[in-house]
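As a plain string of letters, each chain reads:
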Amino acid sequence: MRNPKDFFRPLAVGAPAPPREIPFRPSRMIHFFDPSNDKMVAKLPDMVGKADVLLGNLEDAIAADRKEAAREGLVRVGKEIDFGETQFWTRINSLDSPWVLDDLLRIVPEIGDRLDVIMIPKVEGAEDIHYADRLLAQLEAKAGLDRPLLLHAILETARGVANVEEICAASPRMQGLSLGPADLAADRRMKTTRVGGGHPGYLVREDPDPEDPEAPRATFQQDLWHYTVARMVDACVTNGIYPYYGPFGDIRDTVACEDQFRNAFLLGCVGAWSLHPVQIDIAKRVFSPDPADVAWAKRVIEAMGDGTGAVMIDGKMQDDATVKQCRVMVDLATALAARDPELAAAYEL
Ligand code: GLV
Ligand code: MG
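Being a predicted model, the structure only gives us computed values, none of them experimental.

**Student:** What's the story with the overall build of the protein chain in this structure? I'm lost.
**Tutor:** Check the secondary structure of the protein chain and you find 13 helices and 12 strands. Rg of the C-alpha trace for the protein chain: 22 Å, near the compact-globule value of 20 Å for 349 residues, within the 12% margin. Counting contacts in the protein chain only where the partners sit at least 6 residues apart, residues at least 24 apart contribute 71% of the total. Charged side chains in the protein chain number 40 positive and 55 negative. The centres of these two groups are separated by 5 Å.

**Student:** What's the story with the packing of helix α9 (residues 254–267) against helix α10 (residues 277–287) in this structure? I'm lost.
**Tutor:** Packed helices, taken two at a time, are described by the angle between their axes plus the distance between the axes. In the contact formed by α9 and α10, the axes pass within 9 Å of each other and the chain directions differ by 35°. The element α9 and its partner α10 pack so that their crossing is right-handed. Across the interface between the two elements, Thr254, Cys257, Glu258, Phe261, Arg262, Ala264 and Phe265 from α9 touch Val278, Gln279, Ile282, Ala283, Arg285, Val286 and Phe287 from α10. Of the residues contributing to the contact of α9 with α10, the split by class is nine nonpolar, two polar and three charged.

**Student:** I keep staring at the pattern of salt bridges and nothing clicks. Help me out?
**Tutor:** Any two side chains of opposite charge can pair, given that their charged atoms come close. Inspection of every chain in the model, using the stated rule, returns 21 salt bridges. The salt bridge involving glutamate 59 is made with lysine 122; its shortest N-O contact spans 2.5 Å. Placement of glutamate 59 in the loop between β2 (53–57) and α2 (67–80) and of lysine 122 in the loop between β4 (117–120) and α4 (126–143) is noted, with a sequence separation of 63 residues between them. With a closest N to O distance of 3.2 Å, glutamate 165 and arginine 231 form a salt bridge. With glutamate 165 in helix α6 (residues 164–168) and arginine 231 in helix α8 (residues 226–238), this residue pair connects regions lying 66 residues apart in the sequence.

**Student:** Would you explain the domain arrangement of the protein chain in this entry?
**Tutor:** Quite often, the size of an interface is put as the accessible area lost when its parts meet. Segmenting the protein chain into domains produces domain 1 (4–286) and domain 2 (293–347). Relative placement of domain 1 and domain 2: their C-alpha centres are 29 Å apart. Carbon and sulfur atoms make up 62% of the surface buried where domain 1 meets domain 2, a total of about 630 Å² over both sides. Interface area lost by domain 1 to domain 2 is led by Phe24, Pro26 and Arg28, which between them contribute 54%. At the boundary of domain 1 and domain 2, one finds two salt bridges. Ionic pairing is found between lysine 284 and aspartate 340, a salt bridge with its closest N-O pair at 3.7 Å. Where domain 1 packs against domain 2, one counts zero residue pairs in polar contact (both at pLDDT 80 or more). Residues of the side of domain 1 that touches domain 2, tallied by class, amount to three nonpolar, one polar and four charged.

Calculation notes
- Residues numbered from 1 in each chain as written.
- Chains lettered and ligands numbered in written order.
- Predicted model: local features only at pLDDT ≥ 70, side-chain atom pairs only at ≥ 80, totals over all residues.
- Heavy atoms only, no water.
- Helix = DSSP H or I, 4+ residues; strand = E, 2+ residues; numbered from the N terminus.
- Rg over C-alpha atoms; globule rule 2.2 N^0.38 Å.
- Contact = heavy atoms within 4.5 Å.
- Lys, Arg positive; Asp, Glu negative; His and termini not counted.
- Charge placed at Lys NZ, Arg CZ, Asp CG, Glu CD.
- Axes fitted to C-alpha atoms, helices over the stretch in contact; angles between N-to-C directions.
- Left-handed = near helix turned anticlockwise from the far one by under 90°.
- Nonpolar A, V, L, I, M, F, W, Y, C, P; charged D, E, K, R; others polar.
- Salt bridge = Lys/Arg side-chain N within 4 Å of Asp/Glu carboxyl O.
- Domains from an automatic or database assignment.
- Buried area = accessible area lost by both parts, 1.4 Å probe.
- Polar contact = N/O pair within 3.5 Å; in protein donor to acceptor, adjacent residues only side chain to side chain.

Right, here's the structure in full:
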């Protein structure tokens with residue numbers, strides 16, 4: 001283990017100093033695009049400002065014979081498109097693939113100054129982050145970058161979940177984690193064939209009626225991802241970084257997508273992936289606090305004065321702990337309202 005004093009020293013001579021904290025930036029939706037698809041790329045300028053994050057995908061869903069075209073497309077996008085306030089991320093190929101080294105060798109010198117975050121798939125432990133950390137420092141030094149690139153890990157193997165805390169703590173570059181439910185299901189040998197979301201077979205059933213044991217009994221579908229999302233949130237918060245729900249593959253099922261996103265929001269996630277423009281709107285709705293909740297939170301904060309003691313509002317007890325929850329809500333609303341006049345009006349901020 002490195003001496004704590006050395007933790008924030010660059011890992012290569014001439015590389016920028018690693019960040020001491022990861023400031024919050026709106027990232028309610030990480031919208032994926034295929035940089036080798038000209039039609040998708042042509043739409044990007046219109047999506048700037050609509051999506052919080054635009055991510056050029058180089059990994060799964062890009063066929064082996066399109067990997068190079070995707071990498072070159074990403075370089076062009078990085079050079080030609082003005083992203084304004086929208087963040088520009090990429091997902092590189094996995095560390096055990098034949099493509100990842102060329103991904104990093106090409107991307108960092110060409111567009112390292114434009115990229116905000118590099119997402120690494122299938123991260124299994126701190127050793128994966130250490131590898132990327134050192135390599136990035138070397139490439140940043142060589143390219144003369146003055147701002148360190150941040151890293152985001154996808155949690156999509158059983159070993160990755162088992163090591164989630166050490167992954168989050170492995171480098172000051174760590175920005176966040178996403179749940180990768182499709183790969184995780186495969187790696188865990190779950191008996192599903194979907195990209196995220198629930199399954200009708202995963203349920204609990206109410207007890208039989210003793211008077212009428214044969215009567216139909218209500219069932220309640222359970223959330224397959226609850227355990228993993230909750231572990232991810234705790235690991236991220238402990239390390240000052242941000243948790244995200246990942247993909248929801250059934251594009252037409254906008255209702256269940258919204259439910260899955262909302263579960264993640266309520267548990268502490270800051271955003272989710274969007275695979276289709278319709279999911280951008282869902283994520284925007286879900287990961288922006290409800291104006292009624294913000295109004296209530298403002299009332300509690302106002303009534304609680306210095307934040308200590310207890311007051312009753314509409315029959316509900318408020319104290320130091322509820323005022324802290326309310327501050328989380330208002331802080332998020334304030335950060336989002338700062339760049340969205342419609343939200344600023346809805347929140348009266
Ligand atoms: C995402 O990459 C997933 O595997 O769900
Ligand atoms: Mg995956």
